Amino acid sequence: MTEAASSSASGATSPFGFRDVDATEKVRLVRGVFDSVASRYDLMNDLMSAGVHRLWKDAAAARLNPRPGETILDVAGGTGDMARRYARMARRAQERLGGADARVIVLDYNAEMIAAGVEKGGEPEMVWTVGDAMALPLPDASVDAYSISFGIRNVRDVQAALVEARRVLKPGGRFLCLEFSRPVAAPLRAAYDAWSFHAIPRIGDWVAGDRDSYQYLVESIRRFPDQQTFRGMIERAGFRSVTVTNLTGGVAALHHGWAI
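What comes next concerns the included structure. Sequence order sets the numbering: in each chain, residues are counted from 1 along the sequence as written. Per-residue local features are limited, in this predicted model, to residues with pLDDT of at least 70; the limit for side-chain atom pairs, both in listing and counting, is 80 or more; totals at the level of whole chains, interfaces and linings are taken over all residues. Note that the side-chain values use all heavy atoms of the structure and ignore hydrogens as well as water.

1. Comments concerning the nonpolar core
Ranked by size, the top nonpolar core spans 30 residues in total, and within it Leu-73 and Tyr-146 carry the most contacts. Elements represented by at least two residues in this core include exactly strand 3 (71-75), strand 4 (103-108), strand 6 (143-149), helix 6 (158-168), strand 7 (169-180), helix 9 (227-236) and strand 8 (239-247). What counts as a helix is a DSSP run of H or I of at least four residues, what counts as a strand is a run of E of at least two, and both are numbered from the N terminus. Here this core takes 5 residues from helix 6, the largest share from any one element. What makes two residues a contact is simply this: any of their non-hydrogen atoms within 4.5 Å. Apart from residues no more than four positions distant in its own chain, Leu-73 is found in contact with Ile-105, Leu-107, Leu-136, Leu-138, Val-143, Ala-145, Tyr-146, Ser-147 and Val-168. Buried Ala, Val, Leu, Ile, Met, Phe, Trp, Tyr and Cys residues form a nonpolar core when they are joined through side-chain atoms within 4.5 Å. Only protein chains enter the accessibility calculation, which uses a 1.4 Å probe; a residue whose area is less than 20% of its type maximum is buried, one above 50% is exposed, and one in between is partly exposed. Met-82, Ala-83, Phe-180 and Ile-221 belong to the second-largest nonpolar core, a separate cluster that totals 25 residues.

2. Topic: the sheet that holds strand 7
The strand order across the open sheet built from 7 strands is 5-4-3-6-7-9-8, with neighbouring strands paired in mixed fashion. Of all the strands in the sheet, just strand 5 (126-130) and strand 8 have a single pairing partner and so form its edges. Direction aside, the axes of adjacent strands within the sheet are offset by 15° on average. At least two DSSP bridges between two strands are needed for those strands to be called paired. Judged from the 5 bridges that link them, strand 4 and strand 5 form a sheet pairing that is parallel. Here an angle of 0 to 180 degrees is reported between the N-to-C directions of two axes, which are lines fitted to C-alpha atoms, with helices fitted over the stretch in contact.

3. Here's the deal with the packing of helix 6 against helix 9
The contact between helix 6 and helix 9 brings their axes to 9 Å, and the two run at 45°. In terms of axis orientation, helix 6 runs oblique to helix 9. By crossing handedness, the relation of helix 6 to helix 9 is classed as right-handed. From helix 6, Val-158, Gln-159 and Leu-162 reach across to helix 9, where they touch Phe-230, Met-233, Ile-234 and Arg-236. Roughly parallel means an angle under 35 degrees; roughly antiparallel means over 145; roughly perpendicular covers 65 to 115; every other angle is labelled oblique. Definitions for this section: a left-handed crossing has its near helix turned counterclockwise from the far helix by less than a right angle. A right-handed crossing has that turn clockwise.

4. Some details on the pairing of strand 4
In terms of burial, strand 4 is largely enclosed, as 5 of its 6 residues are buried. Two elements, strand 3 and strand 4, share 5 bridges in a ladder whose sense is parallel. Looking at strand 4, one finds that Asp-74 is bridged to Val-106. Orienting the strands away from the viewer, one traces the path from the first strand over the helix to the second; a clockwise path indicates a right-handed crossover. Each parallel crossover has a hand, and for strand 3 linked through helix 4 (residues 81-97) to strand 4 it is right-handed.

5. A closer look at the pattern of salt bridges
The term salt bridge refers to a side-chain nitrogen of Lys or Arg lying within 4 Å of a carboxyl oxygen of Asp or Glu. In total, this model carries 14 salt bridges according to the counting rule given. A salt bridge links Asp-58 to Arg-85; the shortest N-O distance between them is 2.8 Å. Of this pair, Asp-58 sits in helix 3 (residues 53-64) while Arg-85 sits in helix 4; the two residues are 27 residues apart in sequence, bridging distant segments of the chain. Asp-58 sits in the partly exposed class, given a relative accessible area of 41%. Where Asp-140 meets Arg-167, a salt bridge forms, and the shortest distance between an N and an O atom there is 2.7 Å. Of this pair, Asp-140 sits in the loop between strand 5 and strand 6 while Arg-167 sits in helix 6, and the two are 27 residues apart along the sequence.

6. Details of helix 5 (residues 111-120)
Listed as buried for helix 5 are Met-113, Ile-114, Ala-116 and Gly-117. For helix 5, the arc enclosing every buried residue in end-on projection is 160°, short of the 170-degree limit, so these residues lie on one face. In protein, a polar contact requires one atom able to donate a hydrogen and another able to accept it; more generally it is a pair of N or O atoms within 3.5 Å, and residues adjacent in sequence count only if both atoms are side-chain atoms. Regarding helix 5, its N-cap is Asn-110, as a side-chain oxygen of that residue lies 2.9 Å from the backbone nitrogen of Glu-112 further along. Think of it as the arc spanned by the lines of direction from the helix axis to the C-beta atoms.

7. Some remarks on the packing of aromatic side chains
Pairs of aromatic rings are described using the distance from one ring centre to the other and the angle between the two planes. When the centres of two rings from Phe, Tyr and Trp lie within 6.5 Å, Trp using its six-membered ring, the rings pair. Their planes under 30 degrees apart give stacked, over 60 give edge-to-face, and anything left gives tilted. Under the definition given, this model contains 6 aromatic pairs. When the ring of Trp-56 is compared with that of Phe-180, the centres are 5.8 Å apart and the planes differ by 85°; the resulting orientation is edge-to-face. Placement of Trp-56 in helix 3 and of Phe-180 in strand 7 is noted, with a sequence separation of 124 residues between them. Given a relative accessible area of 4%, Trp-56 falls into the buried group.

Set out below in structure tokens:
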């Protein structure tokens, strides 16, 4: 699923799967993963979620509730799955309520992912750009809503990316993050671990000829903070009324908040 990274220099380490690597090295490694899987991006989403990601994305888009005239930034937007939902929902609202066209910016660090999205096709409201989640090419307080779906776990410095999200949001703007998370029930957690660690890399090898990239993606999920820890990180970045909605028993989680 689409990822974001940072090219900023740093002497710190950052998790890359179960390894800790130099933070700048992580940028290169993540880029390599998504260069490899870009042409099979939609298939990868199906493998990682057993196809349920479409329902999760529908739920996330409904929570964001795009409106006419809004500027919506979809970070780690990849091939544009979320942005298409936002554009269509904003247009339907415009047909009912009137108002200006929405603008949906699809931003991804990986040029191959953006190219795959452009080839797939978009909506009139969508614009595509290559950019860094930790250094967004936008002015302060310039967007009405910020979303990142299945990408933040691969940013070099998650806390810094959250602060950057707050910077570009207008006061009262909406923040939304959809990400794989921690199943809340032990039996489900065990079953999902078995599927993730044993089936997904093998299927990735068979279907895409790339076991290592899929192994990394599974490991990156396990290294990401749990729901409540991540909620605290969002609040420290300057967001209020942060809510957590578990999806499929916590296999994924939707975090939503408001810019102070």
